[in-house]
Amino acid sequence: MRHLLLAILVALPTALITFILTRGASCPRTPTLTLEQNSTADNQDQPPVVKPQSALPNTNDPIIAFKAIFTNPFEGFKLKEELVFYDDKGLFDYIDGAAPVYIKNGFVRLAAAEMATSDDHEFTCDVYNMGSNNGAKAIYDTEGSAQTTPVKVGDAGRSAKMSLVFYYKVYYLKLTAFDAQAESKLPALAQILAQRL
């Protein structure tokens, strides 16, 4: 009897260990935290979690694109007012009878900016998203005039009295100065804008 009891005492721990090991192998593992779950964990010392690409703002949004153009400071220039945005309905109020030509050529959105040189000579900067390079070129060609001088900016540009227009990529830009000092700065501003498009 003593030998039987000793055999059971020796076999019991071995059987118990074997049971625990085989049972643990068949149990599902505790799920690990994903990046998003980790951000709500109790450990507050961890660095913030970067959101997945799909959660980032849509950079194809024309308003986001316009704001990106004007966000960083311009050397020698400043925004005087907040950007004003126009859709196809608002375009009729802004440019009167010319709106149908823009809309026919793919107009998406307009950003109108009141700007000034650093010494307060004022001008306007209208940036039209025409949806395609062909649409931007069509407006550039439509608004042509014999009294202009070619300017090397974007895909093509030209200046006239107190104004400079050019198109580049999907954009058509119209810069209008209110005095001779502002007019002299238009080519420099056009180059800055072209680099940001």
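Right above here is the structure, for reference.
Residues numbered from 1 in each chain as written. Predicted model: local features only at pLDDT ≥ 70, side-chain atom pairs only at ≥ 80, totals over all residues. Heavy atoms only, no water.

**As for the pairing of strand S8 (residues 171-177)**
Part 1 of the argument: With five of seven residues buried, S8 is to be regarded as a mostly interior element.
Part 2 of the argument: Direction of pairing for strand S4 (residues 122-129) relative to S8: antiparallel, over a ladder of seven bridges. Within S8, the residue paired with aspartate 126 across the bridge is lysine 174.
Part 3 of the argument: In terms of strand pairing, strand S7 (residues 163-168) meets S8 through six bridges, oriented antiparallel. Bridged to valine 165 within S8 is lysine 174.
Part 4 of the argument: Linking two consecutive strands that pair antiparallel, namely S7 and S8, is a turn of two residues; a positive phi of about 55° is found at lysine 169 within it. (Buried < 20%, exposed > 50% of the residue type's maximum accessible area, 1.4 Å probe, protein only. Helix = DSSP H or I, 4+ residues; strand = E, 2+ residues; numbered from the N terminus. Pairing = 2+ DSSP bridges.)

**Concerning the nonpolar core**
Part 1 of the argument: Judged by nonpolar contacts, the single largest core of 28 residues is most densely connected at Phe70, Met115, Phe166 and Leu193.
Part 2 of the argument: Of all elements in the fold, only helix H3 (62-71), strand S3 (109-117), S4, S7, S8 and helix H7 (180-196) reach the threshold of two or more residues within this core.
Part 3 of the argument: Considering every element that reaches this core, the biggest residue donor is H7, with six residues.
Part 4 of the argument: Ignoring sequence-local partners within four residues, the contact set of leucine 193 consists of Ile69, Phe70, Phe74, Cys125, Phe166, Leu173 and Leu175. (Core = buried A, V, L, I, M, F, W, Y, C linked by side-chain atoms within 4.5 Å. Contact = heavy atoms within 4.5 Å.)

**Some details on the packing of aromatic side chains**
Part 1 of the argument: Counted under the stated rule, the structure contains seven aromatic pairs.
Part 2 of the argument: When the ring of tyrosine 128 is compared with that of tyrosine 172, the centres are 5.9 Å apart and the planes differ by 40°; the resulting orientation is tilted. Here tyrosine 128, found in strand S4, pairs with tyrosine 172, found in strand S8; they are 44 residues apart in sequence, far enough to count as distant.
Part 3 of the argument: You can call tyrosine 172 buried: its relative accessible area is 0%.
Part 4 of the argument: When the centroid spacing of 5.1 Å and the interplanar angle of 50° are considered together, the rings of tyrosine 140 and tyrosine 167 count as tilted. (Phe/Tyr/Trp six-rings, centres within 6.5 Å; stacked < 30°, edge-to-face > 60°.)

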